[in-house]
2 protein chains.
Amino acid sequence: MKRRELITGIGTAAAAGILSAPAIAQQQPELNWRIVSVAPKTQALFYNACVTFSKMVADLTDGKFKIQVFGPGEIVPALAIFDAVQNQTIEMGYTASYFSIGREPTFALGSSLPFGPNARLQHAWFRAGGLDLLNEFYKKQDTIMFPGGNTGAQMFGWFRKELKSKESLQGLKMRVGGLGGTILSRLGVVPQQLPTGDTYAALERGTIDAVEVTGPFDDERFGFQKVAPFYYYPSFSEGNVELGFFISLSKWNGLPKQYQSAIRAACSFAADEALAGYDGEQTEPLRRLLANGTQLRQVPSDITDAARVEALALYDELSAKSEDFKKIYTHYRDFTANAYQWWQVAEYGYDSMMLKSLRR
Amino acid sequence: MKRRELITGIGTAAAAGILSAPAIAQQQPELNWRIVSVAPKTQALFYNACVTFSKMVADLTDGKFKIQVFGPGEIVPALAIFDAVQNQTIEMGYTASYFSIGREPTFALGSSLPFGPNARLQHAWFRAGGLDLLNEFYKKQDTIMFPGGNTGAQMFGWFRKELKSKESLQGLKMRVGGLGGTILSRLGVVPQQLPTGDTYAALERGTIDAVEVTGPFDDERFGFQKVAPFYYYPSFSEGNVELGFFISLSKWNGLPKQYQSAIRAACSFAADEALAGYDGEQTEPLRRLLANGTQLRQVPSDITDAARVEALALYDELSAKSEDFKKIYTHYRDFTANAYQWWQVAEYGYDSMMLKSLRR
């Protein structure tokens, strides 16, 4: 019995050490965690942000807290990352929460909602209470999320035929997911769910008529330009898409405070790098695409107008079905409408002036 | 002698410990540093970003690396912060480097240059080589800089009389600094250098005719709206203003790698908070100002056009005088022109669509 008590005693002391780490800093634990990124290595800006995150956590903890990065499919499939964090198959995942909207529409709000804010205003919303609201929701899923990087505004997608008006959407088979897909389905589109890797072949064969991925930096590598001449902007459905770092809540709660701070700061560092990457790396591929015959087109305004009407109706329906959605969406919608009032003055005014100046 | 050798030996071991910290992590030093913020407590978003930075560094180092925050004037005056870092009176400063353009025009490029990129593209430029170029320059000043937060696009300023055309600028006494002031002086303005605290009284008495500070969140507190009815946008000279965390280079080089990482990550964390704060906090004060009679006006385009011509001429002159300016400015200018080509498609397209949608 004495020996067992001693062992139990050691166990308790170790557990206490984790909970009150600052008092015994020299005893910080060696940890080996795993994170799965929804972005494969070929989607380099997001994948590299995940690597940057991991490296920063190691640097901040003198190499004691190691988080190994895996690509989609290496431990769990891309679309199962959130579930795998929730059930603790993996400690962390780097993904867009809107892949889980089949379970609950509230998942859309952590990454992107059609007609939402732009990327800077998304972060302003996080700070203004949005992130706390999201984490109240994620807490019910035994997870916690930290913002992890944004594509900025995406393209609406690649189309084999020109979009002349909303009539052009009737029966159009488009690879598009999320609530954007739901909205488009109400305008006559037949949304298709396809893994990114199968998309090019489907578009080439004509099994689908259109495809949405992100923007020139990622899209060019898939080769869509060879089989679809029209490249449309803007994307009403993805004005910003934020990836999140998701952590199992019990794993998070078990971390020393110092390691929690390391995660928090490293997420922010990686997020800045990803958005700055997208913002800086899109022009060159876009220019190459245009030089090789891609035709850049603006989405006809009757499509956007009709989509807006459907989006607002959809959000009313979802709010009636889900208290979580209603609570967070209402906050998000009001913040966005409010923040754009300032945005249109100095920020949009500045961009308008710069674009005019640079065209001379 | 033996005793001296022993002491010398200990000293060397301690120094080696700092240089190769990861091997003896338990020996991380207790440090007490001081940082002076150019923003006083009343300029809450920037001041608080400095506090957030300090707190995060402490959290990341288990309380061992303490950086105490001081306001302007508490140790050194606001405009002497960079010099005080350089001569090691203080270990760190949080300031806009353009306050030092009197020494060398290159200092403008680290914070803001008229007709530069917006805040996101400024960060994209940092990532694309801009920060390395700046730090090559700062290295010559025995300092290193990390981006620390941005106001986003500022307002052009408060005016007692309406600006009808560039003729309205003739003889106008305006509190405006930096290269924006130089450009305006070539259009007939008489730039005035005044500490922020003296500005309201000067405007009230009519000693000056106009004043530029930042935007509604900061400006409302000064009360300019009581004595100048016209509030102009956009500011061609401050499309983004980045504050930097500046560190004495020898102090930086003496830090354990783990502490360097803590500073790097904490700067990024604080920077995101500051920009998200400005983006989210400007609408309410703007609305109050407008409800109380402030008249929002767009800068006449002939003023902006003439300022652009003068700005390009000025940058040519500065490039001829300073190799550093020429090298960094050329990179910055080309990056900005390039990145705005992508920006005008998806991002500006998205904002245009959202602003139209929200007006209904």
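Up top is the structure.
The residue count restarts for each chain, going from 1 along the sequence in the order it is written. Starting at A for chains and at 1 for ligands, labels are handed out in the order in which the entities are written. Restriction of local features to residues with pLDDT of at least 70 applies here, the model being predicted, together with a cutoff of 80 or more for giving and counting side-chain atom pairs; totals for whole chains, interfaces and linings are based on all residues. Water and hydrogen atoms play no part in the side-chain values, which are based on all heavy atoms of the structure.

**Here we look at the packing of aromatic side chains**
Next up, step 1: For this analysis, a ring pair means two rings from Phe, Tyr or Trp (six-membered ring only for Trp) whose centres lie within 6.5 Å, classed as stacked if their planes differ by under 30 degrees, edge-to-face if by over 60, and tilted for the remaining angles. Following the criterion strictly, the structure yields 57 aromatic pairs over all chains and no others.
Next up, step 2: Relative to A:Tyr138, the ring of A:Phe107 lies with its centre 6.1 Å away and its plane at 45°, an arrangement referred to as tilted. Of this pair, A:Phe107 sits in the loop between strand S3 (92–95) and helix H4 (119–140) while A:Tyr138 is found in helix H4, placing the two residues 31 residues apart along the sequence. The pair A:Phe107 / A:Tyr138 is uniform in exposure class, with both members buried.
Next up, step 3: A centroid spacing of 4.7 Å and a plane angle of 5° characterise the contact between A:Tyr348 and B:Tyr348, whose relative ring orientation is stacked. By the criteria applied, helices consist of DSSP H or I runs no shorter than four residues and strands consist of E runs no shorter than two, each listed in order from the N terminus. The rule is simple: take the accessible area with a 1.4 Å probe, protein chains only, and divide by the maximum for that residue type; under 20% is buried, over 50% is exposed, in between is partly exposed.

**With respect to the sheet that holds strand S3 (residues 92–95) of chain B**
The strands that make up a sheet are held in pairs by hydrogen bonds between backbone atoms, and each pair lies either parallel or antiparallel.
All names here are of chain B.
Next up, step 1: Note: two strands are recorded as paired if DSSP finds a minimum of 2 bridges between them. The strand order S2-S1-S3-S10-S4 describes an open sheet built from five strands, whose pairing is mixed. Edge positions in the sheet fall to strand S2 (65–70) and strand S4 (143–150), since each of these pairs with one other strand and no more. Each strand axis lies, on average, 25° off the axis of its neighbour in the sheet, ignoring direction.
Next up, step 2: With six bridges connecting them, strand S1 (residues 31–37) and S2 associate as parallel partners. Note on S2: the bridge partner recorded for Arg-34 is Gln-68.
Next up, step 3: Relative to the sheet, helix H2 (residues 44–60) contacts S1, S2, S3, S4 and strand S10 (242–248), its axis offset from that of S2 by approximately 165°.
Next up, step 4: A contact between two residues is defined here by any heavy atoms of the two lying within 4.5 Å. Note on geometry: axes are C-alpha line fits, over the in-contact stretch for helices, and angles between N-to-C directions span 0 to 180 degrees. Along the sheet, helix H9 (residues 257–281) contacts S1, S2, S3, S4 and S10; its crossing angle with S4, the most-contacted strand, is approximately 30°.

**A closer look at the packing of helix H9 (residues 257–281) of chain A against H9(B)**
Next up, step 1: Where H9(A) meets H9(B), the axes come as close as 8 Å, and the angle between the chain directions of the two elements is 60°. Taken together, the axis directions place H9(A) and H9(B) in an arrangement best described as oblique. The element H9(A) and its partner H9(B) pack so that their crossing is left-handed. Judged by residue contacts, A:Gln258, A:Arg264, A:Ala265, A:Ser268, A:Phe269 and A:Asp272 of H9(A) engage B:Gln258, B:Arg264, B:Ala265, B:Ser268, B:Phe269 and B:Asp272 from H9(B).
Next up, step 2: For the contact of H9(A) with H9(B), a count of residues per class yields four nonpolar, four polar and four charged. Should an angle fall under 35 degrees it is called roughly parallel, over 145 degrees roughly antiparallel, and 65 to 115 degrees roughly perpendicular, with every other angle called oblique. Helix crossings are classified by the rotation of the near helix relative to the far one: an anticlockwise turn of less than a right angle makes the crossing left-handed, while a clockwise turn makes it right-handed. For this classification, the nonpolar set comprises Ala, Val, Leu, Ile, Met, Phe, Trp, Tyr, Cys and Pro, the charged set comprises Asp, Glu, Lys and Arg, and every other residue, Gly included, is treated as polar.

**Details of the relation of the copies chain A and chain B**
Next up, step 1: When the copies are superposed, the least-squares fit takes in the C-alpha atoms of residues with a pLDDT of at least 70 in both. Take chain A, turn it by 180°, move it 0.0 Å along the axis, and it overlays chain B with an RMSD of 0.0 Å. The two molecules are tied by a two-fold rotation axis, judged by turn and shift.

**Thoughts on the environment of A:Ile90**
Residue and element names in this part refer to chain A.
Next up, step 1: Assignment of secondary structure puts Ile-90 in the loop between helix H3 (81–86) and S3.
Next up, step 2: For Ile-90, a relative accessible area of 1% gives the class buried.
Next up, step 3: Along the chain, Ile-90 and Lys-251 lie 161 residues apart, while their C-alpha atoms are 10.0 Å from each other.
Next up, step 4: Excluding anything up to four places from it in sequence, Ile-90 contacts Arg-34, Val-36, Ile-75, Val-76, Ile-81, Ala-84 and Val-85.

**Section: the sheet that holds strand S2 (residues 65–70) of chain A**
Residue and element names in this part refer to chain A.
Next up, step 1: A sheet is described by the order of its strands in space; here five strands give the open sequence S2-S1-S3-S10-S4, paired in mixed fashion. Of all the strands in the sheet, just S2 and strand S4 (143–150) have a single pairing partner and so form its edges. Each neighbouring strand pair of the sheet contributes to a mean axis angle of 25°, computed without reference to strand direction.
Next up, step 2: Sitting on the sheet, H4 is in contact with S4 and strand S10 (242–248), with an inclination near 160° to S4.
Next up, step 3: The sheet contacts of H9 involve strand S1 (31–37), S2, S3, S4 and S10, and relative to S4 the element is tilted by about 30°.

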